[in-house]
Amino acid sequence: IAKGFRQAKNRLAGLTELTEQNIETALREVRLSLLEADVELGVVKVFLARVKEKALGEVVRVRAKGQGGETMKVSAADQFVKICHDEIIEFMTGEGPALTFAEKGITGIMMVGLQGSGKTTSSAKLARYLQKDGKKPLLVAADMQRPAAVEQLQVLGKSVDIPVFNIPGESPVAICEKAEAEAKRLGRDVIIYDTAGRLAIDEALMQELADIKTKVEPENILLVVDAMIGQDAVKVSKGFHDRLSLTGVVLTKLDGDARGGAAMSVKEVTGAAVRFAGIGEGTDKFEEFRPEGMASRVLGMGDVVGLMKDFEDVVDQEKAAADAMKMLQGDFTLDDFLAQIRMIQKMGSLKDIMGKLPGMDQLPADVNLDDRELVKIEAMISSFTSFERRDPYALIREPSRVARIARGSGTPEQAVSELVQRFLFMKQMMGNMGGMGGLLGNIPGMR
Ligand code: GDP
Ligand code: MG
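What counts, and at which threshold
Residues numbered from 1 in each chain as written. Chains lettered and ligands numbered in written order. Predicted model: local features only at pLDDT ≥ 70, side-chain atom pairs only at ≥ 80, totals over all residues. Helix = DSSP H or I, 4+ residues; strand = E, 2+ residues; numbered from the N terminus. Contact = placed C-beta atoms within 7 Å. Buried ≥ 20, exposed ≤ 12 C-beta atoms within 10 Å, placed from the backbone. Pairing = 2+ DSSP bridges. Near = placed C-beta within 6 Å. Nonpolar A, V, L, I, M, F, W, Y, C, P; charged D, E, K, R; others polar. Axes fitted to C-alpha atoms, helices over the stretch in contact; angles between N-to-C directions. Left-handed = near helix turned anticlockwise from the far one by under 90°. Arc of directions from axis to C-beta. Right-handed = clockwise from strand over helix to strand, strands pointing away. Core = buried A, V, L, I, M, F, W, Y, C linked by C-beta atoms within 7 Å. Domains from an automatic or database assignment.

Regarding its fold elements, the protein presents 20 helices and eight strands. Once local pairs closer than 6 in sequence are excluded, the contacts in the protein between residues at least 24 apart make up 77%.

Now the structure itself:
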């Protein structure tokens, strides 16, 4: 997913100036990346047009400055990536608060969406979320389509200690209409209506939802979208928006492999932004949507997920997660480095693995490892004292340490110095990535 962006960046690397030509080339790469991230084609076009405009604006600005004798401080690549990053955020950010609350009386939140998108689950999650915030929600089971739907909400409601209202045998519209009296009776201040869905948008469903809307006049209508539907998000959100005027979107199943491009598409098409994210099946796997996090996910930083899967083959999942986390946060030590080298040897081709690490395909040639070299590295690190493993800078401060390790491991001093430099470079690079808004913090489910 990140390939396009990284290639775009590579093409601009070393250039100090954005020009009409290099912007065009970079935009072509970005286009691929967005399509891979499941952003809809029409939305991609609008996005590219805006990035182009801003980048060209930058060209003009920098030239004007250049004539004044000023020199550029940032590279063309950095400028370009920043423009893309900011524009992605712009494409996903909604105005005002996520939910509108009634000034007095009871606030209504109507959940709509296709069957299986996560409406019922998200209703319970949202109720729990609001309850934590001091609100007193009432859940309304208004999906009379499937017999099990009511029971599903009742079970979820019970698990989060929130009442669920339903009248067996009644129509969804009648149930929703009567929910307000029930909320008053129970002293509840927010009503969340869990409605029925279909596999595709159809008129009967839309009519039912429109009727409910007319009767209860909810302050909020949230469309629940499964992130995995990717490009279809455009068609679906447009269909619902045209009939119901959505106020926001809940994007679910972001804990899976979904690329998140849907978040860019829905806002562009409906004007309603993604406000909440579902990041797992449990009722606590729910959070306010953060456009910054998703921008990094769309921009991508390497196939971290793929890397994790490889790790799982040789070590247990928790250790792999902890290791990857440490690496990405930049606080891994030479000891961790050694442990990983041993693990990598068990895992097979190093190049494969390195390719999946964020930024690793950008390593200068001389930093690339080859499998035979691992044995030498292991020998060298084994000759480090534990103090030196924790603080490799010691070798730079005191070169006599390098000589000792070289003798102990039977390698040239040059090789020891290179190892230290390579390690510090890697650590710094990882640290930088961790710092870019927290790479791992941006992958739902990884905290
Ligand atoms: P509905 O038909 O729209 O009411 O959808 P449900 O709430 O019944 O959800 C359909 C399925 O998706 C259920 O198995 C849920 O557990 C699952 N689900 C919902 N939200 C999420 C999520 O954020 N992550 C994951 N992994 N599964 C989810
Ligand atoms: Mg349901």
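What follows continues from the structure just given.
Another point: the pairing of strand S7 (residues 274-278). Among the five residues in S7, four count as buried, and that is most of the element. Here three bridges tie S7 to strand S8 (residues 286-288), and the two strands are oriented antiparallel to one another. Within S8, the residue paired with Phe276 across the bridge is Glu288.

Moving on to the site of ligand 1. Ligand 1 sits among 19 residues. The nearest are Gly118, Lys119, Thr120, Thr121 and Gly278. The leading source of residues in the shell around ligand 1 is helix H5 (residues 119-132), at three residues. Split by residue class, the shell around ligand 1 holds two nonpolar, twelve polar and five charged.

Attention now moves to the packing of helix H9 (residues 233-244) against helix H10 (residues 262-270). Viewed as axis vectors pointing N to C, H9 and H10 meet at an angle of 35 degrees, and their least axial separation amounts to 9 Å. Of the two elements, H9 crosses H10, and the hand of that crossing is right-handed. Here Ala233, Val234, Ser237, Lys238 and His241 of H9 come into contact with H10, specifically with Ala262, Ser265, Val266, Val269 and Thr270.

Each α-helix turn comprises 3.6 residues. Residues three or four places apart therefore point the same way. Residues of helix H6 (residues 147-159) that are buried include every one of Ala149, Val150, Leu153, Leu156 and Gly157, and no others. An end-on view of H6 places all buried positions within 130 degrees of arc, on one side of the element. In H6, the exposed residues that point more than 90 degrees away from the buried face are Pro147, Ala148, Lys158 and Ser159. For H6, the elements touching its buried residues are H5, strand S2 (137-142), strand S3 (164-165) and strand S4 (190-195). A positive phi of about 60 degrees marks Asp161, the residue just after H6.

On to the pairing of S2. A large share of S2 lies buried, amounting to six of its six residues. Here S2 shows two buried faces, one formed by Pro137, Leu139 and Ala141 and the other by Leu138, Val140 and Ala142. Bridge count for S2 against S4 is six bridges, and the pairing is parallel. Its bridge partner being in S4, Leu139 is matched across the sheet by Ile192. Pairing between S2 and S3: two bridges, direction parallel. Paired with Val140 across the two strands is Phe165, which belongs to S3. Regarding the hand of the β-α-β motif, the stretch spanning S2, H6 and S3 is right-handed.

The residue Glu378 is located in helix H16 (residues 371-382) in this model. Under the C-beta neighbour-count criterion, Glu378 is labelled partly exposed, with 14 such atoms within 10 Å. Distance in space between the C-alpha atoms of Glu378 and Ser409 is 9.2 Å, their sequence separation being 31 residues.

With that settled, the discussion passes to the sheet that holds S3. The strand order S3-S2-S4-S1-S5-S6-S7-S8 describes an open sheet built from eight strands, whose pairing is mixed. A single partner strand is all that each edge strand has here, and the edge strands are S3 and S8. Examined bridge by bridge, strand S1 (residues 107-112) and S4 share five bridges and lie parallel to one another. Bridge pairing in S4 places Met110 opposite Tyr193. Across the sheet, helix H7 (residues 172-186) is in contact with S2, S3 and S4; its angle to S2 comes to roughly 160 degrees.

Time to look at the nonpolar core. Grouped together as the largest cluster of nonpolar side chains are 89 residues, with contacts concentrated most on Leu139, Val140, Ile192, Tyr193, Val225, Val249 and Leu251. Here this core gets six residues from one element, more than from any other, and that element is helix H4 (residues 76-92). Lining this core are residues from two domains, each supplying at least three of them: domain 1 (3-92) and domain 2 (107-299). Apart from residues no more than four positions distant in its own chain, Val225 is found in contact with Gly113, Ser117, Ala233, Val236, Ser237, Val249, Leu251, Thr252, Ala262 and Val266.

Function cannot be inferred from these measures alone, as they are strictly geometric.
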